[in-house]
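One-letter residues, chain by chain:
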Amino acid sequence: QLAPQCRIVRTPEGVDGAAAVAAAMVAAGDAAIRDARPDVILATMSPFELWRPAAELGLHHGLPVVHDLRDPWALDGVQSYRTWWHWHRALLEMRAMLRSADGVIANTPECRGLFLRAERRLAPERVVAITNGDRCQEIEGGRFRRQAEE
């Protein structure tokens, strides 16, 4: 059950491919932000590559972006990688996402710790562990702000 002030924006059905989905996310998000002017963008993932559209929208509209990741995808052992190089590329992508985020939601305290160890420049107050990380009321009250505001 979402709090009344939370709104979910979805991309249209039938969009296929990561680039097309990312473009549809930016278009849908841009329209929704202009219409409702939210306080924060909450991007829940996977697929994890789609953190970039949320970050783009946050920068464009001056809104904080909180990524609900659940798991540290490059570290949890669930994904399989063909080579070390492919895994390292995923790790670098995850670290870039962590650096860009105004807030990160992990699904356990252990995952929170993995995020903080993976990206040492990530401020601990920007990462919160919320079991089943989709409870909007947990991020109310301005806990997360654009990094430039600090």
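With respect to the secondary-structure elements, proline 53 resides in helix H2 (residues 51-61). Classification of proline 53 as buried rests on a relative accessible area of 5%. Residues proline 53 and valine 21 lie 32 residues apart in sequence; the distance between their C-alpha atoms is 9.3 Å. Aside from chain neighbours lying at most four places away, what touches proline 53 is Ala22, Met25 and Val26.

Moving on, we come to the packing of helix H1 (residues 18-36) against H2. It is the contact of H1 with H2, at a shortest axis distance of 9 Å, that shows an interaxial angle of 35 degrees. For H1 against H2, the interelement crossing comes out right-handed. For the pair H1 and H2, contact is made by Ala22, Met25, Val26, Gly29, Asp30, Ile33 and Arg34 and by Pro53, Glu56, Leu57, His60 and His61, respectively.

Attention now goes to the pattern of salt bridges. If you walk through the whole model with that rule in mind, you get five salt bridges. Here arginine 52 makes a salt bridge to glutamate 93, at a shortest N to O gap of 3.1 Å. On the criterion of sequence distance, the pair formed by arginine 52 in helix H2 and glutamate 93 in helix H3 (residues 84-100) is long-range, its members being 41 residues apart. Looking at arginine 52, the relative accessible area reads 43%, which means it is partly exposed. In this structure, the salt-bridge partner of glutamate 119 is arginine 121, at a minimum N-O distance of 3.3 Å. Via salt bridges that share partners, Arg95, Arg99, Glu119 and Arg121 belong to a single interconnected network.

Cut-offs and rules
- Residues numbered from 1 in each chain as written.
- Predicted model: local features only at pLDDT ≥ 70, side-chain atom pairs only at ≥ 80, totals over all residues.
- Heavy atoms only, no water.
- Helix = DSSP H or I, 4+ residues; strand = E, 2+ residues; numbered from the N terminus.
- Buried < 20%, exposed > 50% of the residue type's maximum accessible area, 1.4 Å probe, protein only.
- Contact = heavy atoms within 4.5 Å.
- Axes fitted to C-alpha atoms, helices over the stretch in contact; angles between N-to-C directions.
- Left-handed = near helix turned anticlockwise from the far one by under 90°.
- Salt bridge = Lys/Arg side-chain N within 4 Å of Asp/Glu carboxyl O.

Just geometry here; none of it tells us what the structure is for.
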